[in-house]
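If you want the building blocks of each chain, they are given just below.
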Amino acid sequence: GTLPGRSVKAVFSGVANGVITADDLDVPATYEHLGAIGSGLGSAGLIVYDDTADMVAVARMFARFLHVESCAQCPPCKLGTGDITAALDRIRTGTGHDADLGRIEERLRIVTDANRCYLPVQERIVVSSILRAFPDDVAAHLEGACPPPHPPIQPPQNTHPADADVPYHPPPPP
């Protein structure tokens, strides 16, 4: 879910499925219904983003994950996921141009050429679904109106009266 006062912007049922937008939250969670909106069931783990999420940064995060996970046996996959990640990063940081968006679209068309696995298909599905669903986020970045990065998430505060005098101690780093 989201923090109080925030609304859902996007939900992902894994890296291999298209985005579920706030408008589609009432779609039944069945293979057929989610498939009809360009998504899927995934592995029953959901990633939820609220209305403050920068969807260009989300697309870049998914693209980078898939690029890193590529085994590099298929050059269109390894090079394509790398180019897509780099172009999304330029757009995300405010140094991108319309040509970067064209490069992403071009690479998404050919990233699956001679693929041996599903990874480049995942790239095509998730990145293209984000770009289609959130064109205003992309346009804002290309126009130089990049949203500021999120502040770090604060640790939970003790809100129960019985715990008011008990300080919060975060767990030690791994």
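Just above sits the structure.
Residues numbered from 1 in each chain as written. Predicted model: local features only at pLDDT ≥ 70, side-chain atom pairs only at ≥ 80, totals over all residues. Heavy atoms only, no water.

## Observations regarding helix H2 (residues 55-69)
Counting along an α-helix, one turn takes 3.6 residues, and residues three or four places apart therefore face a common direction. Given a rise of 1.5 Å per residue, 15 residues ought to cover 21 Å, and the 21 Å separating the end C-alpha atoms of H2 matches this to within 8%. If you check which residues of H2 are buried, you get Met55, Val56, Val58, Ala59, Phe62, Ala63 and Leu66. Taken around the axis of H2, the buried residues stretch over an arc of 165 degrees, which confines them to a single face. Its buried side turned inward, H2 meets strand S1 (8-12), strand S3 (47-50), helix H3 (75-92), helix H5 (119-133) and helix H6 (135-142). Taking the backbone nitrogen of Val56 as reference, a side-chain oxygen 3.1 Å away marks Asp54 as the first, capping residue of H2. (Helix = DSSP H or I, 4+ residues; strand = E, 2+ residues; numbered from the N terminus. Expected span 1.5 Å × (residues − 1). Buried < 20%, exposed > 50% of the residue type's maximum accessible area, 1.4 Å probe, protein only. Arc of directions from axis to C-beta. Contact = heavy atoms within 4.5 Å. Polar contact = N/O pair within 3.5 Å; in protein donor to acceptor, adjacent residues only side chain to side chain.)

## Here we look at the sheet that holds strand S2 (residues 20-21)
Across the sheet, 3 strands lie side by side as S2-S1-S3; this open sheet has antiparallel pairing. The open sheet has two free edges, formed respectively by S2 and S3, since each of these has just one partner strand. Bridging between S1 and S2 involves 2 bridges; their strand directions are antiparallel. Looking at S2, one finds that Ala10 is bridged to Thr21. H2 contacts S1 and S3 of the sheet and is inclined by roughly 10 degrees relative to S1. (Pairing = 2+ DSSP bridges. Axes fitted to C-alpha atoms, helices over the stretch in contact; angles between N-to-C directions.)

## Some words on the packing of H2 against H5
Viewed as axis vectors pointing N to C, H2 and H5 meet at an angle of 175 degrees, and their least axial separation amounts to 10 Å. Between H2 and H5, the interaxial angle falls into the category roughly antiparallel. Of the residues in H5, those touching H2 at Met55, Val58, Ala59, Phe62, Ala63, Leu66 and Glu69 are Leu119, Gln122, Glu123, Val126, Val127 and Ile130. Broken down by class, the residue content of the contact of H2 with H5 amounts to 10 nonpolar, 1 polar and 2 charged. (Parallel < 35°, antiparallel > 145°, perpendicular 65-115°, else oblique. Nonpolar A, V, L, I, M, F, W, Y, C, P; charged D, E, K, R; others polar.)

## Looking at the side chain of Glu123
In this fold, Glu123 is placed in helix H5. An unpaired buried charge is present at Glu123: no salt bridge exists, and Arg107, the closest side chain of opposite charge, is 9.6 Å distant. When neighbours within four sequence positions are excluded, Glu123 is seen to be in contact with Ala63, Leu66, Thr81, Ile84, Leu108 and Ser128. (Lys, Arg positive; Asp, Glu negative; His and termini not counted. Salt bridge = Lys/Arg side-chain N within 4 Å of Asp/Glu carboxyl O.)

## Concerning the pairing of S1
Where burial is concerned, most of S1 is hidden: 4 out of the 5 residues are buried. Where S1 lies against S3, 4 bridges are found, and the strand directions are antiparallel. Looking at S3, one finds that Ala10 is bridged to Tyr49.

## Considerations on the pattern of salt bridges
Within the structure shown, the criterion is met by 8 salt bridges. Between Arg60 and Asp89 there is a salt bridge, with its nearest N and O atoms 3.1 Å apart. Of this pair, Arg60 sits in helix H2 while Asp89 sits in helix H3, and the two are 29 residues apart along the sequence. The salt bridge partner of Asp89 is Arg92, with a shortest N-O separation of 2.5 Å.

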